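Observations on the three-dimensional arrangement
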Amino acid sequence: MIAILGTGKMGEALLSGMLRAGFKPGDVLATVRRPERARALAETYGVRAVSNAEAAKSAGTLILAVKPQDMGSLLDEIAPHLPADRLVISAAAGITTAFVEQRLGHETPVVRVMSNTPIKFDEAMSVISAGAYAGEDHLRRTEDLLRPVGKVLRIPESQQDAATALSGSGPAYFFYLVEAMVDAGILLGMPRAAALDMVTQSIVGAAVMLRDSGEHPVILREAVTSPGGTTIAAIAELERHSVRAAFLAAIEAARDRGRELASG
Ligand SMILES: NC(=O)C1=CN([C@@H]2O[C@H](COP(=O)(O)OP(=O)(O)OC[C@H]3O[C@@H](n4cnc5c(N)ncnc54)[C@H](O)[C@@H]3O)[C@@H](O)[C@H]2O)C=CC1
Ligand SMILES: O=C(O)[C@@H]1CCC=N1
């Protein structure tokens, strides 16, 4: 039995992915705060909503998907009910495996995960790290849960805050870029819907090329950039406005914020 504790946006996305991958609704428990949310999850997915205490007692694997700020109180709530051999997977930004282990008070195997919202379309990037009491078997069990919904990489826990900034938040940067490019289309007099179509297909096409060609992004960009042409005119402006430096600073700020979240 697998329990998702705090079935919000990420928890629901993982739940739906697990069901698409062949898990049975009867093998998954969900915990939520509001009764109407419990009813909605039961109606949509056929899963049972239970209390956090019941989930801790009856599930072999617990996936904690509450906000970082709610993690301390959730851990305090489940600690008295959690048998020592359970696998606890924490999906919250910033929260370390040491924090989870210490709050649970046993030598609980804990795996830290950072995924991202494309999980809804089985295109997640999930990175995982083992805590002090988690071994190969626990990492494999975590990979088995996450592989059906995207790509999974093992990384040292010391890189988790950087990964959160890069791939956890990453989709937001691309959506932001799309918004900005659509605005540019509007500025040039393009209808909004057509501009959105053009930008969306361009970003999808670029993403597929990047993933499937095996080429470095510099090579792919150079192939678009004709001498004295239109693309270099745009790139010159991006450089003039320090867009690359802005990305470096932005992702560093996200990493630092992730570190702060651990301290509440
Ligand atoms: N949204 C994103 O793009 C990503 C989020 N994350 C992480 O995933 C976690 C969840 O994020 P979201 O799904 O976006 O947040 P969310 O707010 O949609 O989901 C959290 C859910 O937990 C519930 N909850 C809070 N305390 C609870 C408790 N004691 N018992 C039962 N339910 C409780 C809330 O009612 C809410 O439905 C966060 O820790 C975040 O850092 C990770 C990667 C990407
Ligand atoms: O913004 C956040 O804090 C979460 C973590 C990664 C993506 N969203």
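Calculation notes
Residues numbered from 1 in each chain as written. Chains lettered and ligands numbered in written order. Predicted model: local features only at pLDDT ≥ 70, side-chain atom pairs only at ≥ 80, totals over all residues. Heavy atoms only, no water. Pairing = 2+ DSSP bridges. Helix = DSSP H or I, 4+ residues; strand = E, 2+ residues; numbered from the N terminus. Contact = heavy atoms within 4.5 Å. Axes fitted to C-alpha atoms, helices over the stretch in contact; angles between N-to-C directions. Near = heavy atom within 4 Å. Polar contact = N/O pair within 3.5 Å; in protein donor to acceptor, adjacent residues only side chain to side chain. Areas by Shrake-Rupley, 256 points an atom, 1.4 Å probe, with all protein chains shown as cover. Nonpolar A, V, L, I, M, F, W, Y, C, P; charged D, E, K, R; others polar. UniProt positions renumbered as here; feature names shortened; annotations may be inferred. Buried < 20%, exposed > 50% of the residue type's maximum accessible area, 1.4 Å probe, protein only. Domains from an automatic or database assignment. Buried area = accessible area lost by both parts, 1.4 Å probe. Salt bridge = Lys/Arg side-chain N within 4 Å of Asp/Glu carboxyl O.

1. Re the sheet that holds strand β4 (residues 61-64)
- On the basis of which strands lie adjacent, the open sheet formed by eight strands has the order β3-β2-β1-β4-β5-β6-β7-β8 and mixed pairing. Each of the sheet's edge strands pairs with one partner strand only, and the pair in question is β3 (48-49) and β8 (150-154).
- In the sheet, strand β1 (residues 2-5) pairs with β4 via four bridges, with the strands oriented parallel. Bridge pairing in β4 places Ile 2 opposite Thr 61.
- Across the sheet, helix α7 (residues 160-168) lies against β6 (110-114) and β7 (124-130), angled at about 35° from β6, the strand it touches most.

2. Topic: the site of ligand 1
- The environment of ligand 1 is formed by 20 residues, the closest being Lys 9, Met 10, Asn 52, Val 66 and Ala 93.
- Measuring from an oxygen atom of ligand 1, one finds a backbone N or O atom of Met 10 at 2.7 Å.
- Lys 67 places a side-chain nitrogen or oxygen 3.3 Å from an oxygen atom of ligand 1.
- When ligand 1 sits alone it has 830 Å² of accessible area, and the protein chains cover 82% of it.
- Within the residue set of the shell around ligand 1, elements represented by two or more residues are α1 (9-20) and α4 (68-78).
- The dominant element in the shell around ligand 1, judged by the number of residues it contributes, is α4, at three residues.
- Of the residues contributing to the shell around ligand 1, the split by class is nine nonpolar, six polar and five charged.

3. As for the site of ligand 2
- By nearness alone, every residue bordering ligand 2 is listed as Ala 93, Thr 164, Gly 168 and Ser 169.
- When ligand 2 is considered free in solution it has 240 Å² of accessible area, and contact with the protein chains removes 48% of it.
- Residue composition of the shell around ligand 2, grouped by class: one nonpolar, three polar and no charged.

4. Considerations on unusual backbone geometry
- Notably, Asp 122 is not glycine yet its phi reads approximately 60°, a positive angle.
- With respect to the helices, strands and loops of the structure, Asp 122 is situated in the loop between β6 and β7.
- The phi torsion at Ser 242 lies on the positive side, around 55°, for a residue other than glycine.
- By secondary structure assignment, the location of Ser 242 is in the loop between α11 (230-240) and α12 (243-261).

5. Quick look at the side chain of Asn 116
- In this structure, Asn 116 sits in the loop between β6 and β7.
- At 2.9 Å, the side chain of Asn 116 and the backbone oxygen of Ser 167 are in polar contact.
- Residues contacting Asn 116, with those up to four places away along its chain left out, are Met 10, Glu 123, Ala 124, Met 125, Ser 167, Gly 168 and Pro 171.

6. A word on the UniProt feature "domain: Pyrroline-5-carboxylate reductase dimerisation" (unreviewed entry) in the chain
- Mapped onto the present numbering, the UniProt feature "domain: Pyrroline-5-carboxylate reductase dimerisation" (unreviewed entry) falls at residues 157-261.
- With 83% helix and 0% strand, the stretch residues 157-261 has end C-alpha atoms that lie 15 Å from each other.

7. Considering the environment of Glu 237
- Structurally, Glu 237 can be placed in helix α11.
- Since its relative accessible area comes to 36%, Glu 237 is described here as partly exposed.
- Expressed as a C-alpha distance, the spacing of Glu 237 and Pro 156, which sit 81 residues apart in the sequence, is 38 Å.
- Here the side chain of Glu 237 touches Arg 240 through a polar contact of 2.8 Å, side chain to side chain.

8. What about the UniProt feature "domain: Pyrroline-5-carboxylate reductase catalytic N-terminal" (unreviewed entry) in the chain?
- Within this numbering scheme, the UniProt entry marks residues 2-94 as carrying the feature "domain: Pyrroline-5-carboxylate reductase catalytic N-terminal" (unreviewed entry).
- Across residues 2-94, the secondary structure splits into 44% helix and 19% strand, with the terminal C-alpha atoms separated by 23 Å.

9. Looking at the domain arrangement of the chain
- Splitting the chain by domain gives domain 1 (2-160) and domain 2 (170-261).
- Centre-to-centre separation of domain 1 and domain 2, based on C-alpha positions: 33 Å.
- Across the contact, nine residues belong to domain 1 and five residues belong to domain 2.
- Each partner contributes to the roughly 430 Å² buried at the junction of domain 1 and domain 2, and carbon and sulfur atoms together form 58% of this total.
- Applying the counting rule to domain 1 against domain 2 returns one salt bridge.
- When the shortest N-O distance is used, the salt bridge between Glu 123 and Arg 211 registers 3.5 Å.
- Counting across the interface, domain 1 meets domain 2 through one residue pair in polar contact (both at pLDDT 80 or more).
- Of the residues that constitute the side of domain 1 that touches domain 2, the class distribution is four nonpolar, four polar and one charged.

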